[in-house]
Amino acid sequence: MLDAEAEGSARELPPGEIGALAVKLPMPPGALPTLWHADDKFADAYLTAFPGFYQTGDAGFIDVDGYIHVMTRTDDIINVAAHRLSTGEIEEVLAAHPDVAECAVIGVTDALKGQVPLGLLVLKAGVARSPGEVEGEAVQLVRDRIGPVASFKTALVVAGLPKTRSGKILRGTMRKIAEGQDYPLPATIEDPAVLDEIDRALAAAGYAKR
């Protein structure tokens, strides 16, 4: 379990702390030797961040008994006031709400805390309660189960989440929308109209300012 301290260096984290999962080199013969016709890309993507280790791209922790817990991808780890939080962990809490069908959490740049989590909720069919009521309960649920350290203050009910045709939620695109950045229309998006709905919902909440 590693945490990047500076470019080209890292430190091993104590049991229970979330960090990047990496495999100490050398790897067994024939295991992940390179990418097809892209040796330089392979080295840059997997061998540069932690010299002497293979970067898996996954984040998690190793407990006191030595068991490895894979929590999320490393690009789904956000830094909130120097605390490393897994957006996947917050999503698990939000998904436990009885009225939530699916959800996504993204980290949005914040001048004070560095990043803060923002939750997007899709309600189950037939839910007649007001969105504001569910949003308030979702925020409290995260506060109760993860704690104030998550600084989770905003949950927004939306009609749907943008996805690729294979079902992957486009969190990176939503993050760019929330931060007011220009973004290319993903070629594999299932329904481009959903991005406009997300843009309007975020703008109404004070995000997506361009």
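Here is what the cut-offs are and how they apply
Every chain is numbered independently, its residues counted from 1 as its sequence is written. Only residues with pLDDT of 70 or above have their local features reported here, since the model is predicted, and side-chain atom pairs are shown and tallied only from 80 upward, although totals for entire chains, interfaces and linings are computed over all residues. Water and hydrogen atoms were dropped before computing side-chain values, which therefore reflect all heavy atoms in the structure. Comment: elements are numbered from the N terminus, with helices defined as DSSP H or I runs of at least four residues and strands as E runs of at least two. Relative accessibility thresholds used throughout: buried, under 20% of the residue-type maximum; exposed, over 50%; partly exposed, between the two (1.4 Å probe, protein chains only). Note on contacts: a residue pair is in contact if any heavy atoms of the two residues lie within 4.5 Å. The Shrake-Rupley method, run with a 1.4 Å probe, gives the accessible areas here. Residue values count only the displayed protein chains as cover. In summary, the charge assignment counts Lys and Arg as positive and Asp and Glu as negative, without counting His or the chain termini. We put the charge of a Lys on NZ, of an Arg on CZ, of an Asp on CG and of a Glu on CD. Two strands make a pair as long as DSSP finds a minimum of two bridges between them. By nonpolar core we mean a set of buried residues, namely Ala, Val, Leu, Ile, Met, Phe, Trp, Tyr and Cys, connected to one another through side-chain atoms within 4.5 Å. Whenever Lys or Arg places a side-chain nitrogen within 4 Å of a carboxyl oxygen from Asp or Glu, that contact is recorded as a salt bridge.

> What's the story with the overall build of the chain in this structure? I'm lost.
What the chain contains, in helices and strands, is five helices and 10 strands. For the chain, the C-alpha atoms occupy an extent of roughly 55 × 40 × 35 Å along the three principal directions. A buried classification covers 39% of the 210 residues belonging to the chain. Counting contacts in the chain only where the partners sit at least 6 residues apart, residues at least 24 apart contribute 56% of the total. Total accessible area computed for the chain in this model is approximately 11700 Å², and 53% of it derives from carbon and sulfur atoms. Here the chain carries 20 positive and 30 negative side-chain charges, and the mean point of each set is 3 Å from the other.

> Can you walk me through the pairing of strand S6 (residues 77–80) in this structure?
Consecutive side chains along a regular strand alternate between the two faces of the sheet. As paired elements, S6 and strand S7 (residues 83–86) share four bridges and run antiparallel to each other. Its bridge partner being in S7, Asn79 is matched across the sheet by Arg84. Between S6 and S7, which pair antiparallel in sequence order, lie two residues; one of them, Ala81, sits at a positive phi of approximately 50°.

> What is the right way to read unusual backbone geometry from this model?
Negative phi is the rule for most residues except glycine; trans is the rule for most peptide bonds. Cis peptide bonds are those with omega within 30 degrees of zero, and the linkage from Leu25 to Pro26 qualifies with 5°. Locating Pro26 in the fold gives a position in the loop between strand S3 (19–24) and helix H1 (39–46). Not every positive phi belongs to a glycine, and Leu32 is a case in point at roughly 45°. Along the polypeptide, Leu32 turns up in the loop between S3 and H1. For Leu32, a relative accessible area of 46% corresponds to the partly exposed category.

> Is there a simple way to explain the nonpolar core in this structure?
What tends to happen in soluble globular proteins is that the nonpolar side chains get buried as a cluster. Counting 21 residues, the largest nonpolar core has Leu118, Leu120, Leu161, Met174, Ala178, Ile198 and Leu202 as the members making the most contacts within it. Mapped by element, the contributors of at least two residues to this core are strand S8 (100–110), strand S9 (114–123), helix H4 (171–178) and helix H5 (193–204). Among the elements that take part in this core, H5 stands out by supplying four residues, more than any other. For Leu161, the contacting residues outside a window of four places in its chain are Glu102, Cys103, Ala104, Leu120, Val122, Ile169, Met174 and Val194. One finds Val80, Leu85, Leu123 and Ala155 within the second-largest nonpolar core, a separate group that totals 18 residues.

> Help me out: how do you make sense of the pattern of salt bridges in this one?
A side chain of one charge can pair with a side chain of the opposite charge if their charged atoms are brought near each other. As enumerated under the stated definition, the model contains five salt bridges in all. A salt bridge links Arg129 to Asp99; its shortest N-O distance comes to 2.5 Å. Of this pair, Arg129 sits in the loop between S9 and helix H3 (131–145) while Asp99 sits in the loop between helix H2 (87–95) and S8, placing them 30 residues apart in sequence. On the basis of relative accessible area, Arg129 is assigned to the partly exposed category, the value being 28%.

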